[in-house]
Amino acid sequence: MSQAELTAVPVPHAPRRALWTLGILRSELATALRRWRTVALLGVLAAVPVLIGIAVRIETGDGSRGGPGGGGGGPAFLSQVTNNGLFLVFAALSATLPVFLPMAVGVVAGDSVAGEASGGTLRYLLVAPAGRTRLLLAKYASVLVFCLVATVVVAASALAAGALLFPVGEVTTISGTRIGFGEGLLRAGLIAVVVAASLIGFAALGLFVSTLTNSGIAAMAATVGVLITVQILDAMPQLHGIHPYLFPHYWLSFTDLLRDPVYWDEIARNLGLQALYAAVFGSAAWARFTTRDISV
């Protein structure tokens, strides 16, 4: 056979592998989003903005000025909710990002591989021609989709509750300028995307923890434990030297999207730090998973 004929021979397995990869990704997404635990987590996340809105409404009586946030307590933007229901989106994301959102992501990420191992289904998944690398990528992609879905659920619930309980209209930025309601909605959508992207590093860390054990519960507990420990470290002023290297340190930088003009420096630091964590712990998860002896 000539060289030209050799180069003309197609590779029959490449399209098939691509189809297997897409099939595994669809299966992972469907499985992750249909689990009762995932539905329950999304339900809790959706309830948080509603509870915040109802609490503010009750505290202010008719929803007028002078709510409980007027004294500076509570989540950021809470004092502006009574004047503009759109601020409930920003207040809800500020309240859920430090704890509720990452804990939900930690549960899903921690269970991604360890849950399959404890259930005895991991070895059957590895029979597929996609291989371990593609399976791990599909699981990480499904966790990232959950990050976005969870953030959108919080934002959508807050927007609905804010529109029902309070007036909506022009938005006063942190800089003191006013922007239209439409632009405010666009910024709220961008903030939701940035908040979801802020969780990609922690999601990779949870995936790595999930490859270390065959117990889904242990992996979820360890991932959430790491989150709590790092949050405590980030709150200690004596350790300010390491704060810029902790994954939650810049989480609330999304508030700079409400400046006019937008202040991008902290947001860029946050996204860069998340990318670094994703690269480091994603590589560690791949190294562990591809060399792991799957006996169950």
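Quick summary incoming for the structure in this document. (Residues numbered from 1 in each chain as written. Predicted model: local features only at pLDDT ≥ 70, side-chain atom pairs only at ≥ 80, totals over all residues. Heavy atoms only, no water.)

Things to note about the overall build of the protein
Then, in step 1: Scanning the protein from terminus to terminus reveals 11 helices and two strands.
Then, in step 2: Counting from the amino terminus, helix and strand elements in the protein follow one another as α-α-α-α-α-α-α-β-β-α-α-α-α.
Then, in step 3: Counting only residues that meet the buried cut, the protein has 42% of its 296 residues in that class.
Then, in step 4: If you take every contact in the protein between residues at least 6 apart in sequence, the share linking residues at least 24 apart comes to 74%.
Then, in step 5: Element-wise, carbon and sulfur atoms account for 67% of the exposed surface of the protein, whose accessible area totals about 14,100 Å². (Helix = DSSP H or I, 4+ residues; strand = E, 2+ residues; numbered from the N terminus. Buried < 20%, exposed > 50% of the residue type's maximum accessible area, 1.4 Å probe, protein only. Contact = heavy atoms within 4.5 Å. Areas by Shrake-Rupley, 256 points an atom, 1.4 Å probe, with all protein chains shown as cover.)

A look at the packing of helix α3 (residues 36-60) against helix α4 (residues 87-96)
Axis angle and axis distance: for two packed helices, these are the angle between their axes and the distance between the axes, and together they describe the pair.
Then, in step 1: For the pair α3 and α4, the least separation of the axes is 10 Å and the interaxial angle reads 120°. Of the possible angle classes, the one that applies to α3 and α4 is oblique. In this structure, the crossing between α3 and α4 has a hand that is right-handed. Of α4, the residues touching α3 (which contributes Val48, Pro49, Ile52 and Gly53) are Leu88, Ala92, Ala95 and Thr96.
Then, in step 2: Each residue belonging to the contact of α3 with α4 can be placed in one class, and the counts come to six nonpolar, two polar and no charged. (Axes fitted to C-alpha atoms, helices over the stretch in contact; angles between N-to-C directions. Parallel < 35°, antiparallel > 145°, perpendicular 65-115°, else oblique. Left-handed = near helix turned anticlockwise from the far one by under 90°. Nonpolar A, V, L, I, M, F, W, Y, C, P; charged D, E, K, R; others polar.)

Things to note about the packing of aromatic side chains
Then, in step 1: Under the definition given, this model contains six aromatic pairs.
Then, in step 2: On the numbers, 5.5 Å between centres and 85° between planes, the contact of Phe87 with Phe90 is edge-to-face. Highlighted residues: Phe87 and Phe90, both in helix α4, separated by three residues, approximately one helical turn. Neither residue differs from the other here; Phe87 and Phe90 are each classed as buried.
Then, in step 3: Each ring, one from Phe247 and one from Trp251, has its centre 5.8 Å from the other, and the planes form 55°; the classification is tilted. We note that Phe247, like Trp251, is buried. (Phe/Tyr/Trp six-rings, centres within 6.5 Å; stacked < 30°, edge-to-face > 60°.)

A closer look at the pattern of salt bridges
Then, in step 1: A complete count under the given rule lists seven salt bridges for this structure.
Then, in step 2: Salt-bridge contacts for Arg187 lead to Asp260; the nearest nitrogen and oxygen are separated by 3.9 Å. Of the two residues, Arg187 is situated in helix α8 (residues 181-197) and Asp260 in the loop between α10 (216-235) and α11 (265-290); the sequence distance between them amounts to 73 residues. (Salt bridge = Lys/Arg side-chain N within 4 Å of Asp/Glu carboxyl O.)

Observations concerning a nonpolar patch on the surface
Then, in step 1: On the surface, Leu148, Val152, Leu190, Val193 and Trp264 cluster together to form a nonpolar patch covering roughly 440 Å² of accessible area.
Then, in step 2: Secondary-structure elements contributing two or more residues to the nonpolar patch are α7 (131-165) and α8.
Then, in step 3: Examined against the element boundaries, Leu190 turns out to sit in helix α8.
Then, in step 4: Assessed through its relative accessible area of 37%, Leu190 is described here as partly exposed. (Patch = residues over 30% accessible without salt bridge, like charges linked within 9 Å, V, L, I, M, F, W, Y side chains within 5 Å.)

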